[in-house]
Amino acid sequence: MLNYRENLSALPSYDGVEKDYRIKVNANESTLGLPPLVEERLLNRLGLVALNRYPNEEYYSLVEQIARNFSVASEQILLGSGSSEIIEKVFHAFGGAGRKIVYPQPSFSMYKIYAKAAEAEAVPFDLDAKFDLDVDAFIKKIRATGSSLAVVCNPNNPTGNTLTLAQVEEIAKNIDCAFLLDEAYVEFYGRSAFGLVKTYPNLIVARTFSKAYGLAGARVGYMIAQAEVTRMIAKTFMPYHMNALSLTAADIVYQMRAEFVPRIQMTVAERQRMFERLKKLSGVEIFPSQTNFLLIRFARAAELAEYLEALGIGVRYFAAPELKNCLRISIGTRMENDEVFAAVKNFVEGR
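None of the values given here were measured: they were computed from a predicted structure.

J.: Even after reading the chapter, I still don't get the pairing of strand 2 (residues 77-80), so can you show me in this structure?
T.: Across a regular strand the side chains alternate sides, sitting on one face of the sheet and then on the other. Side chains Ile77 and Leu79 of strand 2 all project onto a buried face; the interleaved residues Leu78 and Gly80 project onto the opposite face, where all are buried too. Sheet analysis places strand 2 next to strand 8 (residues 221-224), joined by four bridges and oriented antiparallel. Note that in strand 8 the partner of Gly80 across the bridge is Gly221.

Next comes the structure, spelled out in structure tokens:
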């Protein structure tokens, strides 16, 4: 008989199984490949990668580039396999038996899983009916529970709404535990809180290349914090945990990030266009978003998801009570968005 670790069977799993959708707008990925100039530069660079060597050069090249862009010391940057690994390691660093980790609900589903994996108590804090966060009540919850870590996704996934920088600062300065700000979608919002790291040593900002920069398959993310914080969290990572190919891809993309600005602007414009069209449909409630997706509530959401799937369109349906009758629809190309909207409209209107 195999003797698994205690409580492993109770640990929830993340369902990453995908179907071969004709239009895939269920995972908040970029619907486009790399810009042609970026792809050409990357292909030329990959041939020079020394795969027989550990990826020290590639790792520190990207670290230094990110540090220069944010005008911080390189010691303030850590890289991870997507921001997901960064988040998991932060949970590990501040978790442990008897400790509590507070996060809004609904939010990124992995927070609960990471808390349990860190053997900490997951403490969800309910958003209001419009999915807004009561900052004062959230601060009181953190203090009352004596939590070791508070987490906020800004903009929030899967709801799409945001906290202002003033609200982020209000949390940072009024709690005495670590504060992780997950900015996976911040490029679509345009208001990062990384500048607050200098003032608040408890603040940790996590970012990713997976969304705005279309590198979901490469799995690269990073965090910004004060040097003492990154030094401690770095202890939770395995040696050489990043691969040279992914690091090289991210390095090229970051050097050429200006090439992605028109795509980000297009996504924002398409998001607004879809928002205006969907809000006119009878029985559809749509929530404001500053991301690359929209969340809608519809009484027959499960049936709508099945209808769209039959047409080869993948959207995200949520079974969680706090997201009852909700669907999340990522923003695709204009043609994809038009087809998604037409399908939703036909179903809602009973055609």
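Structure's up, so let's keep going.
J.: In this structure, what is going on with the sheet that holds strand 9 (residues 285-287)? I would like to understand it.
T.: With antiparallel pairing, four strands are arranged side by side in an open sheet as 9-10-13-12. Strand pairing shows two members of the sheet lacking a second neighbour, strand 9 and strand 12 (316-317), which therefore form its edges. Sheet topology note: the strand 12/strand 13 (residues 326-330) ladder contains two bridges and is antiparallel. Within strand 13, the residue paired with Tyr317 across the bridge is Leu327. Each of strand 9 and strand 10 (293-297) touches helix 9 (residues 261-278); the most contacted strand, strand 10, lies at about 15° to it.

J.: I keep staring at the pattern of salt bridges and nothing clicks. Help me out?
T.: Between side chains of opposite charge, pairing is possible as soon as their charged atoms come close. Evaluated as defined, the whole model comprises 20 salt bridges. Glu349 is paired through a salt bridge with Lys345; the nearest N and O atoms lie 3.1 Å apart. Its relative accessible area of 38% is what places Glu349 among the partly exposed residues. The class for Lys345 is partly exposed, based on a relative accessible area of 24%. Among the charged side chains, a network of salt bridges with common partners joins Glu270, Arg273, Arg277, Arg334 and Asp338.

J.: Looking at this structure, I do not really get the side chain of Thr159. What am I missing?
T.: Checked against the element boundaries, Thr159 lands in the loop between strand 5 (149-153) and helix 6 (165-174). A residue is classified by how much of its surface remains accessible, and Thr159, at 1% relative accessible area, is buried. Within polar-contact distance, the side chain of Thr159 engages the side chain of Asn156 at 2.9 Å. Excluding anything up to four places from it in sequence, Thr159 contacts Pro106, Phe131, Phe287, Pro288, Phe293 and Leu295.

J.: I keep staring at the side chain of Thr291 and nothing clicks. Help me out?
T.: Looking at the element boundaries, Thr291 is found in the loop between strand 9 and strand 10. Note on Thr291: relative accessible area 0%, which makes it buried. With near-sequence residues (within four places) excluded, Thr291 lies in contact with Pro155, Asn156, Gly160, Tyr185, Phe188 and Arg271.

J.: Looking at this structure, I do not really get the packing of aromatic side chains. What am I missing?
T.: Describing an aromatic ring pair means giving the distance of the ring centres and the angle of the ring planes. Applying the stated criterion to the full structure yields 18 aromatic pairs. Seen from their ring centres, Tyr54 and Tyr240 are 4.1 Å apart, and the 10° between their planes marks the pair as stacked. Pair noted here: Tyr54 is in the loop between helix 1 (36-46) and helix 2 (56-70) and Tyr240 is in the loop between helix 7 (227-233) and helix 8 (244-255), with a separation of 186 residues, a long-range link. On the accessibility criterion, Tyr54 (59% relative accessible area) is exposed.

The rules behind these values
Residues numbered from 1 in each chain as written. Predicted model: local features only at pLDDT ≥ 70, side-chain atom pairs only at ≥ 80, totals over all residues. Heavy atoms only, no water. Buried < 20%, exposed > 50% of the residue type's maximum accessible area, 1.4 Å probe, protein only. Helix = DSSP H or I, 4+ residues; strand = E, 2+ residues; numbered from the N terminus. Pairing = 2+ DSSP bridges. Contact = heavy atoms within 4.5 Å. Axes fitted to C-alpha atoms, helices over the stretch in contact; angles between N-to-C directions. Salt bridge = Lys/Arg side-chain N within 4 Å of Asp/Glu carboxyl O. Polar contact = N/O pair within 3.5 Å; in protein donor to acceptor, adjacent residues only side chain to side chain. Phe/Tyr/Trp six-rings, centres within 6.5 Å; stacked < 30°, edge-to-face > 60°.

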